[in-house]
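An overview of the molecular structure
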Amino acid sequence: MELEKIDETFSSKLKEFSKEYGVAYRDIQLLIFKGAQSGQIEFNLYTNKEFVKKLRLQEDILGIRIDFLGMAQKATMFLELILGAFSEELKCDKGEISVMVVARSNEDASACLALQKNNEFVRWVDIKAELGI
């Protein structure tokens, strides 16, 4: 999965959810994390830092009904690698790591990533510079 596509996908989702919920771009947050019970990568949608709903990768994030090309599996593998790298960097378990996807500003929906450990902000992640694996 190429980095421009990841950036484009998250940015378009921020725009889409912003429109759907009638809020500014920065009021939408997508949380990516490893579920404690499921052990799988999960996605939560928040508006104004309030939980709205769980999202499904294939249907809600990638926007595909039938995954003939295995895009969901590729995206999951990529996210597993990323969470693994961040947990190694912070010397902790993958379950302690989450990534919050937010817009750059209320006028610019391009995606920014905030790395978190135990739901506490650690640092911003530059998608193109750091995730170019």
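Residues numbered from 1 in each chain as written. Predicted model: local features only at pLDDT ≥ 70, side-chain atom pairs only at ≥ 80, totals over all residues. Heavy atoms only, no water.

Focus: the sheet that holds strand 1 (residues 28–34)
Heads up, the condition is: At least two DSSP bridges between two strands are required for those strands to pair. Working definition: helices are DSSP H or I runs of at least four residues, strands are E runs of at least two. Numbering for both runs from the N terminus. Only the stretch in contact is used when fitting a helix axis, every axis being a line fitted to C-alpha atoms; angles between N-to-C directions are given from 0 to 180 degrees.
The sheet built from six strands is open, its strands ordered 3-2-1-4-5-6 with antiparallel pairing. Looking at which strands have only one partner, the edges of the open sheet turn out to be strand 3 (50–55) and strand 6 (120–125). Here the average twist between neighbouring strands, direction ignored, is 30 degrees. Across seven bridges, strand 1 lies against strand 2 (residues 41–47) in antiparallel orientation. Residue Phe33 lies in a different strand from strand 2, and its bridge partner there is Glu42.

Remarks on the environment of Leu90
Mapped onto the elements, Leu90 comes out in the loop between helix 3 (71–89) and strand 4 (97–103). A C-alpha to C-alpha distance of 8.0 Å links Leu90 and Lys117, two positions 27 residues apart in sequence.

Here's the deal with helix 3
Operational definition: The span one expects for a helix is its residue count, reduced by one, times 1.5 Å. Buried, partly exposed and exposed residues are distinguished by accessible area as a fraction of the type maximum, computed with a 1.4 Å probe on protein chains only: under 20%, between the cut-offs, and over 50%, respectively.
When the terminal C-alpha atoms of helix 3 are compared, their 27 Å separation across 19 residues agrees well with the 27 Å that a helix rising 1.5 Å per residue should span. Taken together, the buried positions of helix 3 are Ala72, Ala75, Phe78, Leu79, Ile82, Leu83, Gly84, Phe86 and Ser87. Just downstream of helix 3 lies Lys91, where phi reads positive at about 50 degrees.

So, the pairing of strand 5 (residues 111–117)
Taking burial as the measure, the seven residues of strand 5 include six buried ones, the bulk of the element. When strand 4 meets strand 5, the two strands line up antiparallel, connected through seven bridges. Within strand 5, the residue paired with Ile97 across the bridge is Lys117. Here five bridges tie strand 5 to strand 6, and the two strands are oriented antiparallel to one another. Along strand 6, the bridge assignment pairs Ala114 with Trp124. Taking the residues between adjacent antiparallel strands as the criterion, strand 5 and strand 6 are bridged by two residues, where Asn118 takes a positive phi near 50 degrees.

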